[in-house]
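Notes for the structure review
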Amino acid sequence: MTLRNAVRNTLSPLIGPERVDRLVDAEGSARASLARWIAPKEREAEAEPAAYEIAPSGYPVYPWDESQFPAPTLTRHEFLAGLHAALQPRSYLEIGVDDGRSLTLSSAKTIGIDPAFHITNPLHADLLLARETSDDFFASGRAKKHLDGLPLDLAFVDGMHLAEFAYRDFLNVERLTSPTSIVVLDDMMPRSVHEAARDRYTDSWAGDVYKVVELLRAERPDLVVVPVNTAPTGVVLIARVDPSSRVLSERYDALLPALQAPDPQQVPEHVLRRTLAVDGRDLLAWDGWEALRGLRTRPRALAERRKLFDALAAAFARTPEQP
């Protein structure tokens, strides 16, 4: 658990969330000031801009080249809203609830996980809300009890912005899915090396979770992996999941050094420039969503499911060697 989450969880019942927010902001400002004072040699080598503004969070705002990738037509929340409409999920799970702005999209049987949520948006679901880390929640076994026999039809992973956490989140989420489920991973396309750092020193921070997609392509070629160019930091849609697969859990220890590779991150050019990413509106307009919904109640329709996912992959999935 991060220092900020520990502060929120410990002090919120004692002094109230508003005072805790002020303490957390002060801690962020102090951390950013210290990071600028230390000025690690690795960051100096990245040609930091000569001047930048300081955001209310206390972190510097590092600019990026807006011309390096096509302008997104949808935000991540607009894309997620479109997926809810297209999939009409019977069940939904979200890691990284924050203020509930995306959780409010669900009216299905829903699970929200966040150790430090502060919900300000109305919620309309049959909801299990867990104020704990995702690792602790999945270890508790409460997800299956709340789902009451339903698989997860849709999941949105926006948890801790470190690759090993996002890897475990996908691993744990997949075990609750069915072959027709969809999983969306957030912050998969950082706009600069600064934004992709494991050790946060910028206002806008995606972290190094982008590495999870690279490993999924290598370790799980059975998955359909579709990067989507959404604002601000891109998402990846994953289909053809397999809840029976144990490849990721068996490979975790071997892959941990790659997941935890230190800064500065070596972000692939195709990630920074989003050359493999599709437009969110085009993906939402795919004519296979209705058929996918119909296959939920037909688990033995293997040939139809295979044909549908092959069509999805052919239309939208690309590999780094196949722009």
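What you are looking at is a predicted structure, and each value in this text was computed from that prediction instead of being measured. (Residues numbered from 1 in each chain as written. Predicted model: local features only at pLDDT ≥ 70, side-chain atom pairs only at ≥ 80, totals over all residues. Heavy atoms only, no water.)

Points about the packing of aromatic side chains
To keep things clear, this is the line we draw: Centre distance within 6.5 Å is the pairing criterion for rings of Phe, Tyr and Trp, where only the six-membered ring of Trp is used; planes under 30 degrees apart are then read as stacked, over 60 as edge-to-face, and the remainder as tilted. Relative accessible area decides the class of each residue, using a 1.4 Å probe on protein chains only: under 20% of the type maximum gives buried, over 50% gives exposed, and in between gives partly exposed. In this description a helix means any DSSP run of H or I spanning at least four residues, a strand means any run of E spanning at least two, and both kinds are numbered starting from the N terminus. Distance and angle both matter: a charge sits over a ring if NZ of Lys or CZ of Arg is within 6 Å of the ring centre and within 35 degrees of the ring normal.
Tallied over the full model, the rule gives 4 aromatic pairs. Arranged with centres 5.7 Å apart and planes meeting at 65°, the rings of Phe 137 and Phe 138 form a pair that is edge-to-face. The exposure class of Phe 137 is buried, given its relative accessible area of 0%. Here Tyr 167 and Tyr 252 contribute two aromatic rings whose centre-to-centre distance is 5.7 Å and whose plane-to-plane angle is 40°, an arrangement assigned as tilted. Taken as a pair, Tyr 167 in helix H7 (residues 163–174) and Tyr 252 in helix H9 (residues 247–259) lie far apart in primary sequence, 85 residues in all. Exposure class is identical for Tyr 167 and Tyr 252. Each is buried. If you follow Arg 168 out to its NZ or CZ, it ends over the ring of Phe 165, 4.7 Å from the centre. The residue whose ring lies beneath Arg 191 is Trp 64, and the NZ or CZ to ring-centre distance is 3.6 Å.

Quick look at the pairing of strand E7 (residues 224–231)
This is how it is decided: Two strands are said to pair when DSSP picks up at least two bridges between them.
For E7, a buried count of 7 out of 8 residues is recorded, marking the element as mostly surrounded by other parts of the structure. Sheet topology places E7 next to strand E8 (residues 235–239); 5 bridges connect them, and they run antiparallel. Bridge pairing links Val 224 to Ala 239 in E8. Remark: 3 residues form the turn of the hairpin made by E7 and E8, two consecutive strands paired antiparallel; Gly 234 in that turn has positive phi of roughly 70°. With 2 bridges joining them, E7 and strand E9 (residues 278–279) adopt parallel strand pairing. Among the inter-strand pairings, Asn 229 is bridged to a residue of E9, identified as Asp 279.

Quick word on the nonpolar core
Note the cut-off: Residues enter a nonpolar core if they are buried and are Ala, Val, Leu, Ile, Met, Phe, Trp, Tyr or Cys, with the set joined through side-chain atoms within 4.5 Å. Should any heavy atoms of two residues lie within 4.5 Å, those residues are considered in contact.
Membership of the largest hydrophobic core comes to 37 residues, with the highest contact counts inside it found for Leu 93, Phe 170, Val 173 and Leu 185. Ignoring anything within four residues of it in the chain, the contact list for Phe 170 reads Val 183, Leu 185, Leu 216, Leu 223, Ile 238, Val 241 and Leu 248. By size, the runner-up hydrophobic cluster in this structure holds 32 residues, among which are Leu 87, Val 235, Leu 237 and Leu 292.

Quick word on the environment of Ser 140
We apply this condition: Polar contacts, as counted here, are pairs of nitrogen or oxygen atoms within 3.5 Å of one another; within protein the pair requires one atom able to donate a hydrogen and one able to accept it, and residues that are adjacent in sequence qualify only if both atoms are side-chain atoms.
By secondary structure assignment, the location of Ser 140 is in helix H5 (residues 134–140). In terms of polar contacts, Ser 140 uses its side chain to reach the backbone carbonyl oxygen of Phe 137, at 2.6 Å.

Some words on the pattern of salt bridges
Heads up, the condition is: Any carboxyl oxygen of Asp or Glu within 4 Å of a side-chain nitrogen of Lys or Arg constitutes a salt bridge here.
The full count for this structure, using the stated rule, is 19 salt bridges. Taking the shortest distance from any N to any O, the salt bridge between Arg 101 and Asp 99 comes out at 2.9 Å. Of the residues examined, Arg 101 reaches a relative accessible area of 45% and is grouped as partly exposed. Taking the relative accessible area as the measure of exposure, Asp 99 reaches 11% and is therefore buried. Put simply, Glu 195 and Arg 191 hold a salt bridge, and the shortest N to O gap is 2.5 Å. An identical accessibility class is assigned to Glu 195 and Arg 191; each is buried. Residues joined by salt bridges that share partners form a network here, namely Glu 164, Arg 198, Asp 208 and Lys 211.

Examining empty space enclosed by the protein
We apply this condition: Each cavity reported here is a set of points on a 1 Å grid over the protein atoms alone in which a 1.4 Å probe fits but cannot get out, each pocket an open set with protein on both sides within 12 Å along at least five of seven lines, and each lining residue one with an atom within 4 Å of a point. Grid points are joined across faces, edges and corners, and a volume is the space filled by probe spheres set on the points. Any residue that is not Ala, Val, Leu, Ile, Met, Phe, Trp, Tyr, Cys, Pro, Asp, Glu, Lys or Arg is counted as polar, Gly included; the first ten are nonpolar and the last four charged.
Taken as a whole and judged by the stated rule, the model has 3 cavities of 30 Å³ or more. When its volume is computed, the largest cavity comes out at roughly 100 Å³. Forming the walls of the largest cavity are 14 residues, and the residues nearest its centre are Met 188, Arg 217, Pro 227, His 270 and Val 271. Sorting the residues of the lining of the largest cavity by element identifies helix H8 (210–219) and helix H10 (269–272) as the ones contributing at least two each. Residue contributions to the lining of the largest cavity peak at 4 residues, all from H8. By residue class, the composition of the lining of the largest cavity is 9 nonpolar, 2 polar and 3 charged. Here the second largest cavity defines a volume of roughly 70 Å³. Lining the second largest cavity, in full, are Val 157, Asp 158, Gly 159, Met 160, His 161, Ala 166, Asp 169, Leu 185, Asp 186, Asp 187, Met 188 and Val 209. Among the secondary structure elements, those contributing two or more residues to the lining of the second largest cavity are H7 and strand E6 (177–186). Grouping the amino acids of the lining of the second largest cavity by side-chain chemistry returns 6 nonpolar, 2 polar and 4 charged.

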